[in-house]
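Next come the chains, spelled out residue by residue.
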Amino acid sequence: NVQLFESLLAARSSSCRKLHNLANSVIILDEAQMLPPEYLKTITSVLHGLVEHFGVTIVLCTATQPALGKSFQEYAPALEAKEICPDTQALYRAFRRVHYEQLGTLTDEELAQRLNECRQVLCIVSTRKQAKNVFGLLKPEGSFHLSTLMTPEHRRAVLKEVRERLKNGRPCRVISTSLIEAGVDVDFPTVYRAYAGLDSEIQAGGRCNRENRRSVKDSVVFLFKPESKYKLPGSMRRPAEEAYSVTRGRKDVDSPEAVTEYFKRLYNDT
């Protein structure tokens, strides 16, 4: 996605030479919820130009569809977004594999105690500092740590052992930053996720009961608030605040209605 928009908006001939291939094409923007809110006006205008003048069809592909209706109305009035799936509510019910529970604030010690009591569990936090601190409180046997400071080879080796332990039913406790949320195929019976943007919380849910071998009742994603000493950067703080505001007190935090409300608030307040 980044490469596409940088090429379209670049002022260099080298970036523009490939653009003729876009005419009369279908462009799939995967994980469309990752489109940065601060650039939505520019992105929407570019998409409008491609559709209006170059015969392009745009497909926004994601499990957490961003609420771009207002952006389309303002910056691309000629575009009409159409839902491809005929019955999103029925699909939501059919593909639901987990349920969410909200725990409130947990200290690192309380979080580590909960993780140590689980035989197989994944915990995703928003800062490398917390990942390191909580990992230091876990039982050594069967505990693993993942972060972007590790080399790709190191991460692959750790994930290989994690998958083998999950498959064989051996103890496996993983503490990770958000890198595990996209493109990593693991299946845990229980997941803990520090409060984040709603799309990140739902992505974390995709690592729980991924293979649909357990019931929804037995597959839990626990949402918790970390200690105040872990400060989020502004780009992460706003989504976390909006998600908490929308989902506070809700059990169906991954429902289509909650997702739509979250993105409407996020885009309106950004």
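Residues numbered from 1 in each chain as written. Predicted model: local features only at pLDDT ≥ 70, side-chain atom pairs only at ≥ 80, totals over all residues. Heavy atoms only, no water.

A. Focus on the layout of surface pockets. The volume enclosed by the second largest pocket comes to roughly 760 Å³. Lining the second largest pocket are 33 residues, and of these M34, D199, S200, S235 and P239 sit closest to its centre. Among the secondary structure elements, those contributing two or more residues to the lining of the second largest pocket are α9 (198-205), α10 (234-247) and α11 (256-269). (1 Å grid on protein atoms, 1.4 Å probe; cavity = no way out; pocket = protein on both sides within 12 Å on 5 of 7 lines; lining within 4 Å. Points joined across faces, edges and corners; volume = space filled by probe spheres on them. Helix = DSSP H or I, 4+ residues; strand = E, 2+ residues; numbered from the N terminus.)

B. Local environment of helix α8 (residues 152-168). The terminal C-alpha atoms of α8 lie 24 Å apart, and with 17 residues this matches the ideal 24 Å at 1.5 Å per residue to within 8%. Restricting attention to buried positions, one finds in α8 the residues V158, L159, V162, R165 and L166. Projected down its long axis, α8 carries its buried residues within an arc of 125°, all on one side. Residues E153, R156, K160, K167 and N168 are exposed on α8 and point more than 90 degrees away from its buried face. The inward-facing, buried residues of α8 abut β4 (120-124), β5 (143-146) and β6 (172-176). G169 sits one or two positions beyond α8 and adopts a positive phi of about 75°. (Expected span 1.5 Å × (residues − 1). Buried < 20%, exposed > 50% of the residue type's maximum accessible area, 1.4 Å probe, protein only. Arc of directions from axis to C-beta. Contact = heavy atoms within 4.5 Å.)

C. Molecular detail of unusual backbone geometry. In this model, N209 sits at a positive phi of 50°, which is unusual for a non-glycine residue. Looking at the element boundaries, N209 is found in the loop between α9 and β8 (220-225). Phi at N212 takes a positive value of approximately 60°, unusual for a residue other than glycine.

D. Inspection of the pairing of β4 at higher detail. Extensive coverage of β4 is indicated by the burial of five of its five residues. As judged from the five bridges shared by β4 and β6, these two strands associate in the parallel manner. In the strand pairing of β6, L122 is matched with V174. Two strands pair when backbone bridges link them, and β4 and strand β7 (residues 190-194) are joined in this way by three bridges, in the parallel orientation. In the sheet register, C123 faces β7, and the bridge partner there is Y192. (Pairing = 2+ DSSP bridges.)

E. Expanded view of the nonpolar core. Ranked by internal contacts, the top residues of the largest apolar core, which has 51 residues, are F5, V162, V174, I180, F188 and L198. Looking at this core element by element, the count peaks at six residues for α11. With sequence-adjacent residues up to four places away left out, V174 is seen in contact with V121, L122, C123, F144, L146, V162 and F188. (Core = buried A, V, L, I, M, F, W, Y, C linked by side-chain atoms within 4.5 Å.)

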